[in-house]
Amino acid sequence: STIQKALHNMMHFFFVFAILFLMLAFMANFLLGGRIHVFGTFGEACSAQVRMLFGEFIYADGVEVLSGTALMMYWLYAISFMLIVFFTLLNF
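What counts, and where the lines are drawn
Residues numbered from 1 in each chain as written. Predicted model: local features only at pLDDT ≥ 70, side-chain atom pairs only at ≥ 80, totals over all residues. Heavy atoms only, no water. Helix = DSSP H or I, 4+ residues; strand = E, 2+ residues; numbered from the N terminus. Contact = heavy atoms within 4.5 Å. Areas by Shrake-Rupley, 256 points an atom, 1.4 Å probe, with all protein chains shown as cover. Core = buried A, V, L, I, M, F, W, Y, C linked by side-chain atoms within 4.5 Å. Buried < 20%, exposed > 50% of the residue type's maximum accessible area, 1.4 Å probe, protein only. Expected span 1.5 Å × (residues − 1). Arc of directions from axis to C-beta. Patch = residues over 30% accessible without salt bridge, like charges linked within 9 Å, V, L, I, M, F, W, Y side chains within 5 Å. Salt bridge = Lys/Arg side-chain N within 4 Å of Asp/Glu carboxyl O.

(A) Region of the structure containing the overall build of the protein chain. Scanning the protein chain from terminus to terminus reveals 3 helices and 0 strands. Sequence-ordered secondary structure for the protein chain, helices as α and strands as β, is α-α-α. Pairs at least 24 apart in sequence give 58% of the contacts found in the protein chain among residues at least 6 apart. In the structure as shown, the protein chain presents an accessible area of about 6,100 Å², 72% of it carried by carbon and sulfur atoms.

Okay, structure coming up:
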């Protein structure tokens, strides 16, 4: 009974979270995949985001060699990922 009442809200949360998660994985793969091997493929980007979600890392291997615009793109991605995931999880 309780799960049936919460099912609509849970489905809405998972739908919104999945769209945001996949969009951010695509963004990481598209913008950073050629420079950072952790984001080299879409699947690796999703895996890296899961690890970021659970707090394993924020500073990916290979970031130390980035400079200029690429470094700015990485930190923009990392901060936006953390903020979007935090507020999405907090909202529900």
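(B) Fine view of the nonpolar core. Core analysis: the biggest nonpolar cluster contains 24 residues, and Ile36, Phe39, Ala60, Tyr74, Tyr77 and Phe81 have the highest contact counts within it. Taken together, the elements giving at least two residues each to this core come down to helix H1 (2-32), helix H2 (42-53) and helix H3 (69-91). At 7 residues, the largest contribution of residues to this core is made by H1. Here Tyr74 is in contact with Leu32, Ile36, Phe39, Ile58, Tyr59, Ala60, Val63 and Leu66, once residues within four sequence places are set aside.

(C) Geometry of H2. Given a rise of 1.5 Å per residue, 12 residues ought to cover 16 Å, and the 16 Å separating the end C-alpha atoms of H2 matches this to within 8%. When we look at burial in H2, the residues that qualify are Ala45, Cys46, Ala48, Gln49 and Met52. Each buried residue of H2 lies within a common arc of 165° when the element is viewed along its axis, so the set occupies one face. If you follow the buried residues of H2, they end up packed against H1 and H3. Backbone geometry just downstream of H2 places Gly55 in the positive-phi region, at approximately 85°.

(D) Structural detail: a nonpolar patch on the surface. Among the surface-exposed residues, Ile58, Tyr59, Trp75, Ile79, Leu83, Phe86, Phe87 and Leu90 lie close enough to one another that they form a single nonpolar patch of about 790 Å² accessible area. Positionally, Leu83 belongs in helix H3. With relative accessibility at 46%, the residue Leu83 sits in the partly exposed group.

(E) Representation of the pattern of salt bridges in the model. Scanning the entire structure with this criterion turns up 1 salt bridge. Note that Glu56 and Arg51 form a salt bridge whose closest N and O atoms lie 3.6 Å from each other. On the basis of relative accessible area, Glu56 is assigned to the exposed category, the value being 58%. Classification of Arg51 by relative accessible area gives partly exposed; the value is 26%.

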